[in-house]
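The primary structure of each chain is shown beneath.
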Amino acid sequence: MRRHQRLTGLQGTQRMIKFVLMVNQQGQTRLSRYYEPVELSRRAALEADAVRCCLSRKKDQCSFVEYKDFKLVYRQYAALIIVVGVSDGENELSIYELIHNFVEVLDKHFSRVSELDIMFNLDSIHIILDEMIQNGHIVETNKNRILAPLTAINKMVEG
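Report follows, based on the coordinates.

Procedures and definitions
Residues numbered from 1 in each chain as written. Predicted model: local features only at pLDDT ≥ 70, side-chain atom pairs only at ≥ 80, totals over all residues. Heavy atoms only, no water. Helix = DSSP H or I, 4+ residues; strand = E, 2+ residues; numbered from the N terminus. Expected span 1.5 Å × (residues − 1). Bend = angle between axes of the 7 residues up to and from the residue. Buried < 20%, exposed > 50% of the residue type's maximum accessible area, 1.4 Å probe, protein only. Contact = heavy atoms within 4.5 Å. Polar contact = N/O pair within 3.5 Å; in protein donor to acceptor, adjacent residues only side chain to side chain. Pairing = 2+ DSSP bridges. Axes fitted to C-alpha atoms, helices over the stretch in contact; angles between N-to-C directions.

Okay, helix H6 (residues 143-158) next. The end-to-end C-alpha separation of H6 is 22 Å, in line with the 22 Å expected for 16 residues at 1.5 Å each. Most pronounced at Pro-149, the bend in H6 amounts to some 40°. Burial in H6 covers these residues: Ile-146, Leu-147 and Leu-150. Taken together, the buried residues of H6 touch helix H3 (92-110) and helix H5 (122-132). Where H6 begins, the side chain of Asn-142 points an oxygen toward the backbone nitrogen of Asn-144, at a separation of 3.0 Å.

Adjacent strands of a sheet pair through backbone hydrogen bonds, lying either parallel or antiparallel. Overall, antiparallel pairing links the five strands, which are arranged E2-E1-E5-E4-E3 in an open sheet. The two strands at the open ends of the sheet, each matched to only one other strand, are strand E2 (29-34) and strand E3 (64-67). Averaged over all neighbouring strand pairs, the angle between strand axes comes to 20°, with direction disregarded. Strand direction decides the pairing type here: strand E4 (residues 70-77) and strand E5 (residues 80-86), joined by seven bridges, are antiparallel. Opposite Tyr-74, over in E5, you have Val-83 as the bridge partner.

Have a look at this one:
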C-alpha cells in the first residue's frame, strides 16, 4: 500500500468533488449538493463565504481559487454562477470542463436554461447532477446518457 501511495503521489489525499453550488449574482443559493458530510449549521456560512470569494474576483482573474483546505472552481453564465469545491489533488481544468458540460446538458434539457428553470425544476437538476457525479467522482459526461432518465420519465408522463 505505501509503495502504491509513493508511486501515485496520493499519500492520503483523495481526489474528489466536495460540493456543487449554483448561485445568482446576489449570492442567493439556488442549488447545493454536498458529497462530503457538512453540518447544516455550517453550510450557510460555507456557501456564503465561498460565493463571496468568487464574486469578489475580477473577470480577468483565474477561475480557480485556493480556499481553506480545498479549491474552488467556478464559472459564470449570465446571472448564474456555478461553484465547485474540490480537494487539492483534483484537476481544476477537468472540473472547469465539467461545469461547462453541466450547463450544456441543462441547456439541452430546458432549451436555454434560466434561473427560474432551476428554481422550479430542482428535481430534474438533481437527477442530471446525480447522473454526472456520484460520491464526489465524475461518472458520466455523455449528454444523451445523462438525459436518458429524464427522457424516460417524460415519456411515461406523456404516454
